[in-house]
Amino acid sequence: MSGAGYSFLLFEIVCVVLLTASLLHHYGNWRRQQLVVTGVTFLAWQFCFLIVFILPTDINCTFYEDCLMSNVSGLEANGTSAPACREPWNHIPRAFLVSFWRVIYWSCQFLTWIFLPIMQSYAKAGEFNVLGKVKASLVDNALYYSTYLLIFAICFIYVATRPDIHIDFAQLRVIGITASNTWGLVLIVLFLGYGLVELPRTVWSAGCPGESLKRAYFRLAKVNSELIEHQEELEDLAAEAVQLAECVPGPEHPLAANARTVAELAESSGYCGGRDAGLGRGKPTASSIAAARRRLNEDEDGGGLTAKRLVKLHCQLKKAIGLEQRSRCLLQEAYASAAFLEDIESNRGSRLHFFRRGEGDFDSESGGLLRRLLGPGVEFYWKCHARSWLLRGAACFLLAASGLMLWCECTFFIKWPVLTPLALLVQAGRGALSVQLICLLAIGYLCACTYFTVFRLKLFNYFRLVPNHQTDENSLIFSGMLFCRLTPPLCLNFLGLVHLDSHLASGLKAQTAYTQLMGHLDLVAIISNGVNLYFPIAILLLALASYFRLGSRLLHCLGVQQFISSDDELTSDLLEEGRLLLRRERARRSRDAPGGSSSTGGLLKSTDSGDEEDELFARKPPPARQLPRSSGAAGVAAAPVAKLSLSPPRSSRFERLLQADGEPVEFEADTQPLFPSARAAVQQQQLRQQPPPYKSGSGRGGFFDDV
């Protein structure tokens, strides 16, 4: 055998490494995040992608070995030789594949069941020492481990009660794999039933700019309200941290160091007062201090400084900071998406046939590279016409693929006649390169639908993959943990779809190296003959529920904000709120841009002193007005004009900016405050009004530093 098989395997590994690195660079930020998080996430993603890319090669080699075994059987039975089997050009020996799968599979199991859960819980724990954090991590994952142990115990008891089976290490290994696959299969059924319907629907909606714009307005209003809630919660927690720090009698107190750690975390968040887009940077307000004191007095521990209270507050602060940073990032993404769709909708009816953008610079978020590479005319035809038709065509293709997968999931357990189109295609093209391509596309689509659901469900709203280097470390760890947990059983389910399992393909004499490692689960009949075969039919029921949006309609009836129809009163209010938010953000960015009409920006900044705000917004007095001279007077001196301040009282302006339906108050670009102190204050306010760069982690540090 030539080394073409190993060369192709090396080529696939290199491609997977490049793909993983590019995706991790797109979503994460290795410069700001801890290296251990980036490295572990890279390994987890790479192992899962390797399973998806190498499994088609394993299938191709299995067909060749099955042909050899069939020829040997025919020669022994009839004494006649069958046609010679053609060895695939990328054939890899079975022994090497089994060893390869063993390393990949058990590495994934170690990451998903032991290392990543402990690492994630360790980073979120509120304890102040290593032993306490490890203990909190085990307690936090107790429910997670108990579900696995329950399935393992059921399988073990079932096998132990069978007199014809003697339990040894190999059978315990199969029982462990059975429990893990069953756990993953339950999640796959839930996620795949939703993703097979929602992914094509999402792509189709993206091809309809009008409908997408309404959804963008709706999402913008929801994300903005979530950001305000998270800011309020973070401000209250920061005030409580300050109040607890004040309760420390002195530096010799045993809890002084812990209270100082909590106070420093609240201070490092830079969010101790004010709730306007993350700009409130200063001391906690009197109202937040009073609320913190009430929380301390009403706490079940009886108030005061206790170790339990510090641990709880430390954990809450970590979570609140992560939620606030993630919501701020999602808000910027929502602004860019809504502005992009609004520009497309406004240009569709234009007769000029070149793309014009609205005010405000969103190119950094929505991709200014296209504008630099293409002219305005090409950009107009691409964004206003070609893009929509291309997305609709892709949605139709994905819809056909979803229908094919649903049919295969409902019929793959029927041995004869074979009703699964994927099995017919794969069996008809034994050993061909097209078989590998079909298998790769099918597995990739199943994975895409499954993982699409994970980061769309409200249940996992805390974890989200955000592009442009904005994904936080907790979400990266969670994604790696979930990928390692779902990919192995999903690929095992795919082998059933193409009838490469001996339970389903009666004429198949060889089995894949992947199946040889995973086993056929013969020890537990209820799993091998029941759940693994008929449970995927539940995907069809969930797909029907997703098609009719039963879950969204139920949540909408319960008062949860869901986009059902733009005719609904609540939805209409949110759409109008999103439209106004985008218009004000456009005006703010237009004024903040070089050559804009204001030197102060458009974001609202509440202060504790009305005089300070009036000083910031002080205007130059207009020049003396030259009155016309009458014929009977030699001249009239220019009357001095009193200094005019356009700043109403702070409270009235606050209410007006929050409730106004029009544009914010405009200021001339050439106006500057009168006094140097006022100009310095304006410059400081401009710096505060710039949202700080989102930091997905606390910077590089030790192996298990706090995230």
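Residues numbered from 1 in each chain as written. Predicted model: local features only at pLDDT ≥ 70, side-chain atom pairs only at ≥ 80, totals over all residues. Heavy atoms only, no water.

Participant: So what exactly am I meant to see when it comes to the overall build of the protein chain here?
Facilitator: Across its full length, the protein chain holds 24 helices and 0 strands. The buried share among the 707 residues of the protein chain stands at 46%. When contacts within the protein chain are restricted to residue pairs at least 6 apart in sequence, long-range pairs at least 24 apart make up 78% of them. Carbon and sulfur atoms make up 63% of the accessible area of the protein chain, which amounts to about 34400 Å² in all. (Helix = DSSP H or I, 4+ residues; strand = E, 2+ residues; numbered from the N terminus. Buried < 20%, exposed > 50% of the residue type's maximum accessible area, 1.4 Å probe, protein only. Contact = heavy atoms within 4.5 Å. Areas by Shrake-Rupley, 256 points an atom, 1.4 Å probe, with all protein chains shown as cover.)

Participant: Before we go on, may I ask you to explain the state of the cysteines in this structure?
Facilitator: Working definition: the covalent bond between the sulfur atoms of two cysteines is a disulfide. This model, assessed by the stated rule, comprises 1 disulfide. Each disulfide pairs two cysteine sulfurs, and for C67 the partner residue is C85, the sulfurs being separated by 1.9 Å. Where C67 bonds to C85 through sulfur, the torsion about that S-S bond is close to -85 degrees, and the disulfide is left-handed. Here the residue C67 occupies a position in helix α2 (residues 35-78), and C85 occupies one in the loop between α2 and α3 (94-124), the gap between them amounting to 18 residues. For C67, a relative accessible area of 25% corresponds to the partly exposed category. (Disulfide = S-S within 2.5 Å.)

Participant: Can you help me understand unusual backbone geometry in this one?
Facilitator: Unlike most non-glycine residues, H353 shows phi in positive territory, near 60 degrees. Even without being glycine, H499 reaches a positive phi, approximately 60 degrees. Its place among the elements puts H499 in the loop between α16 (473-497) and α17 (513-518). Look at H499 and you get buried, because its relative accessible area is 3%.

Participant: Please clarify how the packing of helix α10 (residues 307-348) against helix α13 (residues 376-411) should be interpreted in this entry.
Facilitator: The description of two helices packed together rests on the angle between their axes and the distance between the axes. The N-to-C vectors of α10 and α13 enclose an angle of 90 degrees; their axes lie 10 Å apart at closest approach. Between α10 and α13, the crossing angle belongs to the class labelled roughly perpendicular. In contact with F340, I344, N347 and R348 of α10, α13 contributes F380, K383, C384 and R387. Its residues assigned to classes, the contact of α10 with α13 comprises 4 nonpolar, 1 polar and 3 charged. (Axes fitted to C-alpha atoms, helices over the stretch in contact; angles between N-to-C directions. Parallel < 35°, antiparallel > 145°, perpendicular 65-115°, else oblique. Nonpolar A, V, L, I, M, F, W, Y, C, P; charged D, E, K, R; others polar.)

Participant: Is there a simple way to think about the UniProt feature "coiled-coil region" (unreviewed entry) in the protein chain in this case?
Facilitator: The sites that carry the UniProt feature "coiled-coil region" (unreviewed entry) are, in the present numbering, residues 220-247. Across residues 220-247, the secondary structure splits into 96% helix and 0% strand, with the terminal C-alpha atoms separated by 41 Å. (UniProt positions renumbered as here; feature names shortened; annotations may be inferred.)

Participant: Honestly, the environment of V203 in this entry has me stumped. Any pointers?
Facilitator: Here V203 is to be found in helix α6 (residues 169-206). In contact with V203, not counting residues within four places along its chain, are L391, A394, A395 and L398.

Participant: Could you clarify how one ought to interpret the packing of aromatic side chains in this entry?
Facilitator: How two aromatic rings sit relative to each other is given by the distance of their centres and the angle of their planes. Per the counting criterion, the structure on display carries 17 aromatic pairs. Taken together, a centroid distance of 6.5 Å and an interplanar angle of 35 degrees make the contact between F8 and F11 tilted. Here F8 pairs with F11, and both are found in helix α1 (residues 4-27), just 3 residues apart, close to one helical turn. Its relative accessible area of 17% is what places F8 among the buried residues. Between W113 and Y144 the ring centres are 5.1 Å apart and the planes differ by 15 degrees, which places this aromatic pair in the stacked class. Separated by 31 residues along the polypeptide, W113 in helix α3 and Y144 in helix α5 (residues 142-160) bring together distant segments of the chain. We classify W113 as buried; its relative accessible area is 9%. By relative accessible area, Y144 is classed as buried at 14%. (Phe/Tyr/Trp six-rings, centres within 6.5 Å; stacked < 30°, edge-to-face > 60°.)

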